[in-house]
Amino acid sequence: MTSTAKTIAKEIEDDVIVRRALGKGIVSMKSLAVYLIKKHRLDVSSDAVVSAIRRYKEENPLEKKYEKARKVISKSTDIRVTTNIVEVAVEKNEETQKILEKAFGVVSYEKGEILLIIQGEKSIKLIINAKNKEKIISLFSRKSILHIEDSLAEINIHLSDEAVKTPGIISALSSEFMLHDINIYESMSCVPEMLFFVKQKDVMESYQVLSTMVNIGD
């Protein structure tokens, strides 16, 4: 592959909007070529760049991958919403590890309460019901609590078994949130469930976004 072709391929690869527009055929290859020539000050003809774009499109059919992912998502069996969620970030250390054992004793799974734990390199995040907030944070020392995010909601989409083996599921879902200007504070999977955490003010729109992607009740 020539240096020009590599430059064009990387530019398209790094811009998912361009990739999807190219895949849908709603962007002119000629216009895109002119844009890329100006941006990178390429000393090549527009025909050469168009050729590189066409080659990339043929070898990387992104939109077909999105279409397949969306088709699998449409087979989802349920979408559930839980409001009044809080995320507590604490330091990751030996003391915290011991306290986490006590945190499980605060939560009643039988009553539908939640305690989800995300471990990073330097911190641990606990996702809990707001009703258990004070009980949970009282277990930790004030200095060990790094951040508390209130007023979150959980959107839980129950995917089909096929989703586990399909590339692009998470990308397709998160892209829809982005296109509707909805910020995802956290996301995690518990196959076949996919959980997204958004601000409570965005929960209805989030539910509608996912509802348009599935055929529940149709």
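Scroll up for the structure.
Residues numbered from 1 in each chain as written. Predicted model: local features only at pLDDT ≥ 70, side-chain atom pairs only at ≥ 80, totals over all residues. Heavy atoms only, no water.

Undergrad: What is the right way to look at the overall build of the protein chain in this model?
TA: Looking only at helices and strands, the protein chain features nine helices and six strands. Radius of gyration (C-alpha) of the protein chain: 22 Å, far over the 17 Å computed for a compact globule of 218 residues. The contacts in the protein chain between residues at least 6 apart in sequence include a share of 72% that link residues at least 24 apart. Counting every atom, the protein chain has about 12,800 Å² of accessible surface; 50% of that belongs to carbon and sulfur. Charge separation in the protein chain, taken as the distance between the mean sites of 33 positive and 32 negative side-chain charges, equals 4 Å. (Helix = DSSP H or I, 4+ residues; strand = E, 2+ residues; numbered from the N terminus. Rg over C-alpha atoms; globule rule 2.2 N^0.38 Å. Contact = heavy atoms within 4.5 Å. Areas by Shrake-Rupley, 256 points an atom, 1.4 Å probe, with all protein chains shown as cover. Lys, Arg positive; Asp, Glu negative; His and termini not counted. Charge placed at Lys NZ, Arg CZ, Asp CG, Glu CD.)

Undergrad: What's the story with the nonpolar core in this structure? I'm lost.
TA: Within soluble globular proteins, side chains that are nonpolar generally end up buried alongside one another. With 23 residues, the main nonpolar core has Ile 73, Ile 155, Ile 157, Ile 169, Leu 173 and Leu 210 as its most contacted residues. Sorting the residues of this core by element identifies helix H5 (62–73), strand E4 (145–158), helix H8 (169–179), strand E6 (193–199) and helix H9 (203–211) as the ones contributing at least two each. Filtering out sequence-adjacent residues up to four positions away, Leu 210 remains in contact with Ile 79, Ile 155, Ile 157, Leu 173 and Phe 177. Ile 37, Leu 42, Ile 53 and Tyr 56 belong to the second-largest nonpolar core, a separate cluster that totals 16 residues. (Core = buried A, V, L, I, M, F, W, Y, C linked by side-chain atoms within 4.5 Å. Buried < 20%, exposed > 50% of the residue type's maximum accessible area, 1.4 Å probe, protein only.)

Undergrad: Would you take a moment to explain the pattern of salt bridges for this structure?
TA: Opposite charge on two side chains makes pairing possible when the charged atoms of those side chains draw close. Taken as a whole, this structure holds twelve salt bridges when the rule is applied. For the salt bridge of Lys 125 with Glu 186, the shortest nitrogen-to-oxygen distance reads 2.8 Å. Of this pair, Lys 125 sits in strand E3 (residues 123–129) while Glu 186 sits in strand E5 (residues 186–190), and the two are 61 residues apart along the sequence. For Lys 125, a relative accessible area of 25% puts it in the partly exposed group. (Salt bridge = Lys/Arg side-chain N within 4 Å of Asp/Glu carboxyl O.)

Undergrad: Where do I start with the packing of helix H1 (residues 3–13) against helix H4 (residues 46–59) in this structure?
TA: To describe two helices that pack against each other, one gives the angle between their axes and the distance between the axes. Contact geometry for H1 and H4: axes closest at 9 Å, N-to-C directions at 55 degrees. Classified by the angle their axes make, H1 and H4 are oblique. The element H1 and its partner H4 pack so that their crossing is right-handed. Residues Ala 5, Ile 8, Ala 9, Ile 12 and Glu 13 of H1 lie in contact with H4, whose contacting residues are Val 49, Ala 52, Ile 53 and Tyr 56. Of the residues in the contact of H1 with H4, the class split is eight nonpolar, no polar and one charged. (Axes fitted to C-alpha atoms, helices over the stretch in contact; angles between N-to-C directions. Parallel < 35°, antiparallel > 145°, perpendicular 65-115°, else oblique. Left-handed = near helix turned anticlockwise from the far one by under 90°. Nonpolar A, V, L, I, M, F, W, Y, C, P; charged D, E, K, R; others polar.)

Undergrad: Looking at this structure, how should I read H4?
TA: One turn of an α-helix holds 3.6 residues; hence residues three or four places apart share an orientation. An ideal rise of 1.5 Å per residue puts 20 Å on 14 residues; H4 measures up with 20 Å between its terminal C-alpha atoms. Looking at H4, one finds that the buried residues are Ser 46, Val 49, Val 50, Ala 52, Ile 53 and Tyr 56. With its buried residues spanning 160 degrees around the axis, H4 presents them on a single face. Residues of H4 that are exposed and point more than 90 degrees away from the buried face comprise Asp 47 and Glu 58. (Expected span 1.5 Å × (residues − 1). Arc of directions from axis to C-beta.)

Geometric values such as these leave the question of function open.
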